[in-house]
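Observations on chain architecture
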Amino acid sequence: MEFSEHIKTANVDDVVLRQPLQPPVRGALCVTGHHLLFSDRTDRGSRPLLLLLRNIDAIDKSVENLGGYSSLLSNAGRTDRISGSSGTITIKCKDLRVFQLDIPGMEQCLNIAHSIETLSSLDCVSEMYPFFYRPGDRSLKDQWGLSSPEKDYAQMDELHDKWRLSHVNRAYAVCPSYPPAVIVPKNIDDGILVKASKFRQGGRFPVLCYYHRKNGMVIVRSSQPLTGANRKRCSEDELLLQAVIDGSDKGYIIDTRSHQQAQQARMMGGGFESKSSYSRWKRLHRQMERGKALQESLIKLVEACGDQSDNMDRWLSKLENSKWLSHVQTALSTAGLLVECVERDGHSVLVHGSEGTDNTLLISTLAQLIMDPCCRTLEGFLALLEREWLQAGHPFQQRCSHSAYSHVRLQQEAPVFLLLLDCVWQLWRQFPLALGFSELLLLRLATEAYSSDYGTFLCNSDQERSVLGVKEKTHCLFQVLLRPAARLQYVNLLYEPTELAIWPSVHPQSLQLWRGFFLRWTQQNRHLEEAQEEIRNMVIEWSKLTLS
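As the structure is a prediction and not an experimental result, all values here were calculated from the model.

**Topic: the pairing of strand β14 (residues 251–255)**
- Counting buried residues along β14, five of its five residues qualify, which places the element largely inside the surrounding structure.
- Here β14 shows no split at all, with Gly-251, Ile-253 and Asp-255 on one side and Tyr-252 and Ile-254 on the other all buried.
- Relative to strand β15 (residues 281–285), β14 runs parallel, the two sharing five bridges. Its bridge partner lying in β15, Ile-253 is registered against Arg-283.
- A crossover links β14 with its parallel partner β15, the connecting element being helix α5 (residues 259–267), and its sense is right-handed.

So this is what it looks like as structure tokens:
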């Protein structure tokens, strides 16, 4: 497909750009296959606007014809446009930025709007910008990614007595959303894994995601068992879970659904582990919203943050009604429960909900961040995200297709990854010395998940990335973030490593709105950013003096 087919008008002069925190600018607008480019042609030296079209969530357009159209037809058979017609395009981005373009000429305005709408919503992954992005300082032969199941297993000698690396999912034959290699109990052969996978939704049988070096306990994750209304059993699944807690008196199952939701799922073919069949496992239900409810919560929160009124009571009411901070609280408290089971009580835990690709990954990630100091460094955190979200099959393409402004509402959309980053920010704020990365990293990741020059967050699974050759044809974001030029920006200069768990407070008064993201385009937050940058520069200078 040629992108030019969708561009009716590529260039327009005398366009006025109005964006947050800056005065209006007059210049030229250009639409390309992947970008919207605006350049100021005056001598004021303002930076050009280069916007990835994939970042556009919605556009609103209005046109005004001051002089109307001539009723006479030209020789070409088209009506002649009378000077004075104009239009305005309001562009709403997935990173929550909103700006306007005042375009002379109604026809040009409509053409530009149509081109933006079409090019920003193309679904073919191989036509997206990461497949065309070629920075001069990077090569496609550079290392892609930070971790792999093989590498993780090789680095943990403690695992080798009771756990093994299985390639049962080679060529993604058993579970399309798992990587080709997984870590499983040593005494469970691949034949048992294949049969157990048929008893779990999407083939996501229990696999190890974390080994706690302090006491040898583990976290495993899966999807729901397919017990159904007839309470079906699977001896291979029971044997697999029995092997997980071999040598221990019991384990815990944290189900991210309420008991009622799990019962309803059983009537639809899903279900949960019964006490009689899994006698050494204690099941705990912690309801976490997902899907449409979470998406609607984000929409309401962004609407509240865009409220221009000065009525504080009204703003606080909208913030509370969005329930976003309630979702943050639930996620952190559920992760805290998981940590209590492993760290304090000394028991292994199985985490799952329905599909096991959303809240399951959210909870396991937060728990590891709370418990494990290795996950709190810049490298460790990025490797954790790669392991728990990319390799473990979070469907980024579906979940991040649209953000809070889109007029299209797809059933698969849900800001689960954004919720994770918000929870991590709460930890970062409560423990400013314990995490080795900065808020700027979280903001960068929040933006990149929805639109990016890099292939890291493309597709819905490792299998899809493999089929499309993402690792061979695009660049890796995580590798870029770890380069010396970027490290200074994304590391926490006040970082002091601790071996202790960092237990977050989940009391309502302890949780705050993530202003750096949700209010990032307001004047109030701009002042905060300037203050933080000044403090950062002071810390850098102090560090230089200390080392000299």
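Continuing now.
**So, the nonpolar core**
- By size, the foremost hydrophobic cluster in this structure holds 104 residues, and its most contacted members are Leu-362, Leu-366, Phe-381, Leu-445, Phe-478 and Phe-518.
- Residue contributions to this core peak at 11 residues, all from helix α12 (residues 416–430).
- Counting 27 residues, the second largest nonpolar core, distinct from the first, contains Phe-3, Leu-49, Phe-99 and Ile-112.

**Focus: the packing of aromatic side chains**
- Counting across every chain of the model gives 14 aromatic pairs.
- Consider the rings of Trp-425 and Trp-514, whose centres lie 6.3 Å apart with planes at 20°: the pair is stacked. On the criterion of sequence distance, the pair formed by Trp-425 in helix α12 and Trp-514 in the loop between α17 (484–490) and α18 (515–518) is long-range, its members being 89 residues apart.
- For Trp-514, a relative accessible area of 0% translates into the label buried.

**Points about the sheet that holds strand β13 (residues 218–221)**
- Strands sit in the order β12-β13-β16-β14-β15 across an open sheet of five strands; the sheet is mixed. Among the strands making up the open sheet, the edge pair consists of β12 (207–211) and β15. Averaged over all pairs of adjacent strands, the angle between their axes in this sheet comes to 25°, without regard to strand direction.
- Sheet strands touched by helix α9 (residues 359–371): β12, β13 and β16 (349–352). Its angle to β13, the strand with the most contacts, is close to 165°.

**Examining the confidence of the model for the protein chain**
- Per-residue pLDDT for the protein chain has a mean of 90; in total, 91% of the residues score no lower than 70.
- Every residue in residues 67–82 scores below 50 in pLDDT, and together they form 20 contacts with partners more than four places removed in sequence or on other chains.

**Re unusual backbone geometry**
- Within the chain, Tyr-172 stands out as a residue other than glycine whose phi angle is a positive 55°.
- On the basis of relative accessibility, which here comes to 13%, the residue Tyr-172 falls in the buried class.
- The phi dihedral of Cys-459 falls on the positive side, at around 70°, and the residue is not glycine.
- Taking relative accessible area as the criterion, Cys-459 reaches 0% and is therefore assigned buried.

**Thoughts on the packing of helix α6 (residues 291–305) against helix α7 (residues 312–322)**
- As a packed pair, α6 and α7 sit with axes 8 Å apart at the nearest point and diverge in direction by 170°. In this view, α6 runs roughly antiparallel relative to α7, as classed from their interaxial angle. Residue-level contacts link Ser-297, Lys-300, Leu-301, Glu-303, Ala-304 and Cys-305 of α6 to Trp-315, Lys-318, Leu-319, Asn-321 and Ser-322 of α7.
- When its residues are assigned to classes, the contact of α6 with α7 shows five nonpolar, three polar and three charged.

**Some remarks on the state of the cysteines**
- Tallied over the full model, the rule gives zero disulfides.
- No disulfide involves Cys-305; its sulfur sits 16 Å from that of Cys-93, the nearest cysteine.
- Looking at Cys-459, it has no disulfide partner, and the nearest cysteine sulfur is the one in Cys-124, 10 Å off.

Calculation rules
- Residues numbered from 1 in each chain as written.
- Predicted model: local features only at pLDDT ≥ 70, side-chain atom pairs only at ≥ 80, totals over all residues.
- Heavy atoms only, no water.
- Buried < 20%, exposed > 50% of the residue type's maximum accessible area, 1.4 Å probe, protein only.
- Helix = DSSP H or I, 4+ residues; strand = E, 2+ residues; numbered from the N terminus.
- Pairing = 2+ DSSP bridges.
- Right-handed = clockwise from strand over helix to strand, strands pointing away.
- Core = buried A, V, L, I, M, F, W, Y, C linked by side-chain atoms within 4.5 Å.
- Phe/Tyr/Trp six-rings, centres within 6.5 Å; stacked < 30°, edge-to-face > 60°.
- Axes fitted to C-alpha atoms, helices over the stretch in contact; angles between N-to-C directions.
- Contact = heavy atoms within 4.5 Å.
- pLDDT = per-residue confidence, 0-100.
- Parallel < 35°, antiparallel > 145°, perpendicular 65-115°, else oblique.
- Nonpolar A, V, L, I, M, F, W, Y, C, P; charged D, E, K, R; others polar.
- Disulfide = S-S within 2.5 Å.

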